[in-house]
Amino acid sequence: MYGVIVCPRCKRAKGVDLDQKTTSCMCGFQIRVRSARIRARAETAREIAPLVGKVSAELAGGSDEYRKAAAPVRPKRSRDPHVRVLGIASKLHDRAGRVRTAAVELTKELEVFSMDDWRRVLEGLGVPRPEEALESLVRANLVAEPKEGFYRAVSLSP
Ligand SMILES: [Zn+2]
């Protein structure tokens, strides 16, 4: 059984094998799986990726349920640019739109973004093989690589 848990330190969602005792978050925090609150469950690792995206979007204030629950107070704008990008990109319904929006929003937030930035956002969106996704945007001339290892969307209009 797999589950989605949220890091108590950086509040990032993460997919884990629930048989593990602990898991380390990207921020370096050791999360105790046994005592963590499980936000979503799935039978296979494959099914867990989209659920991680869903929980991340909820944390970023992207879901309708969250907005209704938070109304009339507007959800706070997250200070983490990756979470903001995730919140915007996860509203798109098709994968191509999400991936393109992720590149545009990352460029707006960071001017140029690295593969690490890209992986964090695409992982949150539940898109597998982020390198390939970026490569195809570069091939389609939607993303440029002005400096080696740094990328930006060519056009910032949607
Ligand atoms: Zn963390």
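Just above sits the structure.
Residues numbered from 1 in each chain as written. Predicted model: local features only at pLDDT ≥ 70, side-chain atom pairs only at ≥ 80, totals over all residues. Heavy atoms only, no water.

## What to know about the packing of helix α4 (residues 95–110) against helix α5 (residues 115–125)
Phase 1 of the analysis: At a minimum axis distance of 11 Å, the contact between α4 and α5 shows a crossing angle of 140 degrees. One element, α4, and the other, α5, form an angle in the oblique class. α4 and α5 meet at a crossing whose hand is right-handed. Contacts from R98, V99, A102, A103, L106 and L110 of α4 reach α5 at D117, W118, V121, L122 and L125. (Axes fitted to C-alpha atoms, helices over the stretch in contact; angles between N-to-C directions. Helix = DSSP H or I, 4+ residues; strand = E, 2+ residues; numbered from the N terminus. Parallel < 35°, antiparallel > 145°, perpendicular 65-115°, else oblique. Left-handed = near helix turned anticlockwise from the far one by under 90°. Contact = heavy atoms within 4.5 Å.)

## Considerations on the sheet that holds strand β7 (residues 143–147)
Phase 1 of the analysis: With antiparallel pairing, three strands are arranged side by side in an open sheet as β6-β8-β7. Only two strands of the sheet have a single neighbouring strand rather than two, namely β6 (113–114) and β7.
Phase 2 of the analysis: Sheet analysis places β6 next to strand β8 (residues 150–153), joined by two bridges and oriented antiparallel. Its bridge partner lying in β8, F113 is registered against Y151. (Pairing = 2+ DSSP bridges.)

## Points about the coordination of the zinc ion
Phase 1 of the analysis: All of the protein donors around the zinc ion are C7 (SG), C10 (SG), C25 (SG) and C27 (SG); their distances to the metal are 2.2 to 2.3 Å.
Phase 2 of the analysis: Coordination at the zinc ion comes from four donor atoms whose angles at the metal span 102 to 114 degrees, giving a geometry best classed as tetrahedral.
Phase 3 of the analysis: Read in sequence order, the donor residues coordinating the zinc ion give the pattern C-x2-C-x14-C-x1-C.
Phase 4 of the analysis: The exposure class of C25 is buried, given its relative accessible area of 7%. (Donors = N, O, S within 2.8 Å, 3.2 Å for Na, K, Ca; no water. Tetrahedral: all angles 85-135°; square planar, octahedral: opposite > 155°, others 65-115°. Buried < 20%, exposed > 50% of the residue type's maximum accessible area, 1.4 Å probe, protein only.)

## Some words on unusual backbone geometry
Phase 1 of the analysis: A positive phi angle is found at E111, which is not glycine, with a value near 70 degrees.
Phase 2 of the analysis: Residue placement: E111 occurs in the loop between α4 and β6.
Phase 3 of the analysis: Given the relative accessible area of 52%, E111 is considered exposed.

## So, the nonpolar core
Phase 1 of the analysis: By size, the foremost hydrophobic cluster in this structure holds 21 residues, and its most contacted members are A102, W118, V121, L122 and L125.
Phase 2 of the analysis: The set of elements that each furnish at least two residues to this core consists of α3 (81–89), α4, α5, α6 (130–139) and β8.
Phase 3 of the analysis: Filtering out sequence-adjacent residues up to four positions away, W118 remains in contact with V99, A102, A103, L106, F113, P130, A133, L134 and L137. (Core = buried A, V, L, I, M, F, W, Y, C linked by side-chain atoms within 4.5 Å.)

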